[in-house]
Number of protein chains: 4
Amino acid sequence: MNQLKLSVKNGKPLKRTVVTVGSVRVGEDFVVIAGPCSVESEIQALETARAVKKAGANMLRGGAFKPRTSPYDFQGLGLKGLKILEMARRETGLPVVTEVTDPRDVSWVSEYADMLQIGTRNMQNFSLLKEVGKMNKPVLLKRGLYSTLKEWLSCAEYILAGGNSQVILCERGIRTFETYTRNTLDLSIVPAVKELSHLPIIVDPSHGTGRLSLIEPMSLASLAAGADGIMVEVHYNPAEALCDKDQALSPVLFSGLMDKLRHWQGALGTWTAEGAVAVSGRHPLALAAR
Amino acid sequence: MNQLKLSVKNGKPLKRTVVTVGSVRVGEDFVVIAGPCSVESEIQALETARAVKKAGANMLRGGAFKPRTSPYDFQGLGLKGLKILEMARRETGLPVVTEVTDPRDVSWVSEYADMLQIGTRNMQNFSLLKEVGKMNKPVLLKRGLYSTLKEWLSCAEYILAGGNSQVILCERGIRTFETYTRNTLDLSIVPAVKELSHLPIIVDPSHGTGRLSLIEPMSLASLAAGADGIMVEVHYNPAEALCDKDQALSPVLFSGLMDKLRHWQGALGTWTAEGAVAVSGRHPLALAAR
Amino acid sequence: MNQLKLSVKNGKPLKRTVVTVGSVRVGEDFVVIAGPCSVESEIQALETARAVKKAGANMLRGGAFKPRTSPYDFQGLGLKGLKILEMARRETGLPVVTEVTDPRDVSWVSEYADMLQIGTRNMQNFSLLKEVGKMNKPVLLKRGLYSTLKEWLSCAEYILAGGNSQVILCERGIRTFETYTRNTLDLSIVPAVKELSHLPIIVDPSHGTGRLSLIEPMSLASLAAGADGIMVEVHYNPAEALCDKDQALSPVLFSGLMDKLRHWQGALGTWTAEGAVAVSGRHPLALAAR
Amino acid sequence: MNQLKLSVKNGKPLKRTVVTVGSVRVGEDFVVIAGPCSVESEIQALETARAVKKAGANMLRGGAFKPRTSPYDFQGLGLKGLKILEMARRETGLPVVTEVTDPRDVSWVSEYADMLQIGTRNMQNFSLLKEVGKMNKPVLLKRGLYSTLKEWLSCAEYILAGGNSQVILCERGIRTFETYTRNTLDLSIVPAVKELSHLPIIVDPSHGTGRLSLIEPMSLASLAAGADGIMVEVHYNPAEALCDKDQALSPVLFSGLMDKLRHWQGALGTWTAEGAVAVSGRHPLALAAR
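Here goes a summary of the coordinates provided.

Conventions used here
Residues numbered from 1 in each chain as written. Chains lettered and ligands numbered in written order. Predicted model: local features only at pLDDT ≥ 70, side-chain atom pairs only at ≥ 80, totals over all residues. Heavy atoms only, no water. Helix = DSSP H or I, 4+ residues; strand = E, 2+ residues; numbered from the N terminus. Rg over C-alpha atoms; globule rule 2.2 N^0.38 Å. Buried < 20%, exposed > 50% of the residue type's maximum accessible area, 1.4 Å probe, protein only. Core = buried A, V, L, I, M, F, W, Y, C linked by side-chain atoms within 4.5 Å. Contact = heavy atoms within 4.5 Å. Buried area = accessible area lost by both parts, 1.4 Å probe. Salt bridge = Lys/Arg side-chain N within 4 Å of Asp/Glu carboxyl O. Phe/Tyr/Trp six-rings, centres within 6.5 Å; stacked < 30°, edge-to-face > 60°. Lys NZ or Arg CZ within 6 Å of the ring centre and 35° of its normal. Least-squares fit on C-alpha atoms with pLDDT ≥ 70 in both. Disulfide = S-S within 2.5 Å. Axes fitted to C-alpha atoms, helices over the stretch in contact; angles between N-to-C directions. Parallel < 35°, antiparallel > 145°, perpendicular 65-115°, else oblique. Left-handed = near helix turned anticlockwise from the far one by under 90°. Nonpolar A, V, L, I, M, F, W, Y, C, P; charged D, E, K, R; others polar. Right-handed = clockwise from strand over helix to strand, strands pointing away. Pairing = 2+ DSSP bridges.

Focus: the overall build of chain A
Along its length, chain A carries 10 helices and 10 strands. Scaling as 2.2 N^0.38, a compact globule of 290 residues should have a C-alpha radius of gyration of about 19 Å, and chain A matches this with 18 Å. By principal-axis analysis of the C-alpha atoms, chain A measures approximately 50 × 40 × 40 Å. A total of 290 residues make up chain A; the buried ones form 68% of that total.

Some remarks on the nonpolar core
C:Leu141, C:Leu169, C:Phe254, D:Leu141 and D:Phe254 are the most contacted members of the largest nonpolar core, which has 154 residues in total. In this structure C:Leu169 touches C:Leu140, C:Leu141, C:Trp152, C:Leu153, C:Ala156, C:Val193, C:Leu199, C:Pro200, C:Ile201 and C:Ile202, once residues within four positions along its chain are discounted. Among the nonpolar cores identified, the runner-up in size contains 152 residues, and A:Ala57, A:Ile189, B:Phe126 and B:Leu220 belong to it.

Things to note about the interface of chain B and chain A
Chain B puts 42 residues into the contact, and the matching count from chain A is 42 residues. The junction of chain B with chain A conceals about 3,500 Å² of combined surface from both sides, 69% of it contributed by carbon and sulfur atoms. Taken together, the connections running from chain B to chain A amount to four salt bridges. The salt bridge involving A:Arg143 is made with B:Glu178; its shortest N-O contact spans 2.9 Å.

Some words on helix α4 (residues 126-133) of chain C
Because each turn of an α-helix spans 3.6 residues, side chains separated by three or four positions in sequence point in the same direction. All names here are of chain C. Counting buried positions along α4 gives seven out of eight residues, so the element sits mostly inside the fold. Taken residue by residue, α4 has Phe126, Ser127, Leu128, Leu129, Glu131, Val132 and Gly133 as its buried positions. Where α4 is buried, its residues contact α3 (106-109), β6 (115-118), β7 (139-142) and α5 (149-161).

So, the packing of aromatic side chains
Counted according to the given criterion, the structure contains 16 aromatic pairs over all chains. Measuring from ring centre to ring centre gives 5.4 Å for B:Phe177 and D:Phe177, while their planes differ by 55°; the resulting arrangement is tilted. Here B:Phe177, found in the loop between β8 (167-171) and α6 (189-196), pairs with D:Phe177, found in the loop between β8 (167-171) and α6 (189-196), and the two come from separate chains. Ring centres of C:Trp264 and D:Trp264 lie 6.4 Å apart, and the angle between their planes is 90°; on these two criteria the pair is classed as edge-to-face. Residue C:Trp264 is found in helix α9 (residues 251-274), and its partner D:Trp264 is found in helix α9 (residues 251-274); the two belong to separate chains. D:Trp264 matches C:Trp264 in its accessibility class, with the two residues each being buried. Counting every residue linked through ring pairs, the aromatic cluster contains A:Phe177, B:Phe177, C:Phe177 and D:Phe177. Over the ring of A:Tyr180 we find A:Arg211; its NZ or CZ atom is 3.7 Å from the centre of that ring.

Quick word on the relation of the copies chain B and chain A
Mapping chain B onto chain A leaves a residual RMSD of 0.0 Å; the transformation is a rotation of 180° accompanied by 0.0 Å of translation along its axis. With respect to symmetry, the two chain copies, as superposed, fit the operation of a two-fold axis. Closest to the rotation axis within chain B is the C-alpha of B:Ala221, separated from it by 2.2 Å. Looking at chain B, 100% of its interface residues are interface residues in chain A too, so the copies touch through the same face.

What to know about the side chain of B:Ser127
By the secondary structure assignment, B:Ser127 is in helix α4 (residues 126-133). With a relative accessible area of 12%, B:Ser127 lands in the buried category. Contact partners of B:Ser127, with chain neighbours within four places excluded, come to B:Pro103, C:Thr101, C:Asp102 and C:Arg104.

Re the pattern of salt bridges
All names here are of chain B. Counted by the stated rule, this structure contains 76 salt bridges over all chains. The closest approach of N and O atoms between Glu91 and Arg50, which form a salt bridge, is 2.5 Å. With Glu91 in helix α2 (residues 79-92) and Arg50 in helix α1 (residues 42-55), this pair connects stretches of sequence that are 41 residues apart. A residue is classified by how much of its surface remains accessible, and Glu91, at 45% relative accessible area, is partly exposed.

What about the state of the cysteines?
Note on terminology: disulfide describes a covalent bond linking the sulfur atoms of two cysteines. Residues and elements named next belong to chain B. Under the defined criterion, the tally for this structure stands at zero disulfides over all chains. Cysteine Cys170 remains unbridged, with the sulfur of Cys37 as its closest cysteine sulfur at 13 Å. Overall, the relative accessible area of 0% leaves Cys170 in the buried class.

Section: the packing of helix α5 (residues 149-161) of chain A against helix α6 (residues 189-196) of chain A
All names here are of chain A. At a closest axis distance of 12 Å, the pairing of α5 and α6 adopts a crossing angle of 55°. In terms of their interaxial angle, α5 and α6 are classed as oblique. In this structure, α5 meets α6 at a crossing whose hand is right-handed. Across the interface between the two elements, Leu149, Trp152 and Leu153 of α5 pack against Ile189, Ala192, Val193 and Leu196 of α6. The residue inventory of the contact of α5 with α6, partitioned by class, reads seven nonpolar, no polar and no charged.

Here we look at the side chain of A:Ser110
Mapping A:Ser110 onto the fold places it in the loop between α3 (106-109) and β6 (115-118). Those residues in contact with A:Ser110 that sit more than four places away from it in its chain are A:Leu116, A:Met135 and A:Lys137.

A few points about the pairing of strand β7 (residues 139-142) of chain A
All names here are of chain A. Side chains Val139 and Leu141 of β7 all project onto a buried face; the interleaved residues Leu140 and Lys142 project onto the opposite face, where all are buried too. Crossover β6 to β7 through helix α4 (residues 126-133) is right-handed. Sheet topology note: the β7/strand β8 (residues 167-171) ladder contains four bridges and is parallel. Within β8, the position partnered with Leu141 by the bridge is Leu169. Crossover handedness for the path β7 to α5 to β8: right-handed.

Details of unusual backbone geometry
What you tend to see is this: most non-glycine residues have negative phi, and most peptide bonds are trans. Here A:Asp244, not a glycine, exhibits a phi torsion of approximately 55°, which is positive. Its location among the elements puts A:Asp244 in the loop between β10 (229-233) and α9 (251-274).

Observations concerning the environment of C:Val190
Residue and element names in this part refer to chain C. Looking at where Val190 falls in the secondary structure, it is placed in helix α6 (residues 189-196). Counting along the chain gives 179 residues from Val190 to Gly11, while the straight-line C-alpha distance between them is 18 Å. The residues contacting Val190, other than those within four sequence positions of it, are Ile201, Val203, Ala225, Gly226 and Ala227.

Focus on the pairing of strand β5 (residues 96-99) of chain B
Regular strands place their side chains on alternate faces of the sheet. Residues and elements named next belong to chain B. A two-sided burial pattern is seen for β5, the buried positions comprising Val96 and Thr98 on one face and Val97 and Glu99 on the other. Inspection of the sheet shows strand β4 (residues 59-61) paired to β5 by two bridges, in the parallel sense. Bridge pairing in β5 links Leu60 to Val96. Between the parallel pair β4 and β5, the chain is carried across by α2, and the sense of this crossover is right-handed.

Looking at the environment of C:Pro95
All names here are of chain C. Mapped onto the elements, Pro95 comes out in the loop between α2 (79-92) and β5 (96-99). Through-space distance from the C-alpha of Pro95 to that of Ala113 is 7.8 Å; in sequence the pair is 18 residues apart. Not counting residues up to four positions away in its chain, the partners in contact with Pro95 are Val21, Gly22, Val24, Asn58, Met59, Leu60 and Asp114.

Take it as geometry only, folks, not as evidence of what the structure does.
Laid out in structure tokens, this is it:
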């Protein structure tokens, strides 16, 4: 990994990177990003945004460009979707993260997004990585379905080498032989990233498991493993979702998850202080998990 | 999964199984099993047993028969190893779990062991499964390196169908393309097992990660995901270990891990009570994680 | 691989091993092993044996002990099955290969079998490997579902280190993400084995693909890749087969496959001679493929 | 697969697609595409082009844009490389296939290329697929490292749905746990594609194995499995290659491979005719393999 000069610590006592998205400091606070898989309509996006804001989410997610396995599946609303996300941000104040899939779109999508997401199928889309590397805009880089930590960090390196240092990694499950879950969430990558790199890492248990019942336990486990946050899919009415309906939390379920996360942070944070762990600008849970 | 009449709930509101090993109730309390990969000598096993007892472990692990990839690697001490484990149990009072690899050994190894372990490479050794199915002795069934949840539960079904209902599942990492970790610990299998089956499940972060630095965060994440316990490798002097030395905790590190686990249990248990979660005979953490 | 003193060439110009099963010399002639997945009845096994003999097969396969994922699936006829295989051998003169799954059975099953098969799920059943290593009987060692070449050769090493030098490797497909085929046949392992080891290697396209339509092209491709033979499932009436019915060739299809293999051998063998390739005791096709 | 209206046969007796590249008819003749991994210099590309032309290759390959895991590796010569390929085509008359990695490049790269290649890491780069779908130019679509047949055909569907019917599939090895080979060449996908789809399929044994010694046996096995051709890496001086030097054939080795392929085609083609197989516009070998 020595070749990866910018993304890997290589033994140097580098300061951990904190990526600022709007007023949210990822890498410092435990962050919750929530919202629909894709923006489907004004009412769907706004209602969902209000619900996640009310429950305490820190950032809004929503896709306007959807990379879909089949050309006949819903491909997203495009510019119209971005405009709806802008309305949601204006109303809720939540910073917006949205996916970009084409190097030609990077510049103008950046006008609407607070953070650009590179999806799992585009992790090694090097043209796209180079393009977001030229922007002054945070990038959320999802891990490829089949990729190793080294390959993932090499993709982060493409962005960093382009001059953009605001990269957040997102573990979203890898493909394995298990069929009960949609993918296999690799939580051991969280402390592994902390060990090797200075970049923040969050976890997406929605795509990682693909099962409603597993999202809460895996969110808590992500927190315990030291993640800097989670990203979850929420839909104001999951039964009507145009994509990923089986893994979309309702506002009620999301609110329950937020309650648990807060209680855990409270309970464990208190202990951490009592436990006299040196606190140096990071959230207490991640410290406790190291 | 409907075919799996004994291991799977199939919609019925079955009571969760509690497996009693000595005085330890697995499936009720969060259990910590610790000890060396293999029994190497009297002093190694006894010193390690004393250390894990002192730190608060509930059960002692140690291999007398070691399935090794190469025929030229250390294969375990056999009967001599079992006798050393017996001494360790007598002195510490800790119940002993040890691996059995041959159907011809099941009966006499049972004289020495409080729980029989079926290793990952033997998960689908059906002759061995049938043999332990005839015993009145708890069985710890590790997940195969490549196996799905359904295949794993089918192997548990072999044991249950033989008449032995005392089965504990153990997630120990599956083989993926990631090379930074030895295997990939699949923590989402923990709530998946809870959802489908009534059997207890514990996690082995030592084999699951193969890296000392990842054992603690993944132990805490296992607890958060709702596991009924963990199994970790401890060696009184890891530098001298004959196998798996890179993943063996020293007594000092193990003691630190136990402290953290206790604090988390305390902190979260308290909250759970306050949170008015219905408590029905299971440890508060697992409840919190559901 | 240097540790594998017996199975790997390690640069030495070792003579290729020829394993003699009855009058069949595996590693010299291109060999076809055929027969039912499992022995189901006298009429099924005898009719199938007659059919494969008539079509030109060199050896008969048939399982009396079936390792099955579920305990409720047909587990084989056991001793009764072995006696039926003995009848089939007496009538057709074909040597018999049958699977052994339990170290306690190795000795007495050897009384009935001309070659013992170690199945894919038992590749790393080291007790079983050690037991067949003590016998003076050829062993067909199938590759594990998930195993690397090194792990496979290490298992061959267990048998060789026990004193039994008559080992034949059998590629039968590995588990991948592809679902159209039952497994993924790894034909590149054939020339890889030839390069590293002196042991013969055959290919099982029935389990390797799990699809009737793919067996013929993959048999021809195995021959082209330099394999020492193939093993295919044939059933005198596939619609009635108790296991693997979707991949069992009828006698008519098998006979057609044999015709093609013979023609290819004729056509290519002729060319090989013309092509002035040095022929040194191996079948011309494998030479051509090197 | 029913959703895939254009790429899948769905039971209809569709005529097989023949894709014409220059004067080469892929899907009718067994085609050999050869050339360097990347265009490195005028002399390297021209010398290699002359060598593969002389040995009988039908098409020239060569990369001007190289998707590389690390941003610090050689990324290709870009336009300069395309101009060199143009010179090579002018001199040798061989049609040229070259990779395109960015939707912005598709239009102008098409001015230089006779066929556009979509690389394995871009198989699911849907923006790129849509862009080549608008062109009137043959497309060589490599299979993703981890992708299933269904996912692969869905990507072909993106191109076909855009109006471009000239798609050739290329199997180039999938990622498995085997480490001896760079990837695992899945030859069973060849007859599987023939069964499901009407599109031609070729095999790349260079990337598929990553080992010089395995390219020839796997080329012959590809032919035997019914492939419509192969694509291999050749370098006029492999020791100096800037990428993939371990898998680049020298002109001498490539010439030897071509001799074997021709002899096999001759020998088997003759037999096929004698064997009275109905010949309907496809090369005799592929027919023999069905």
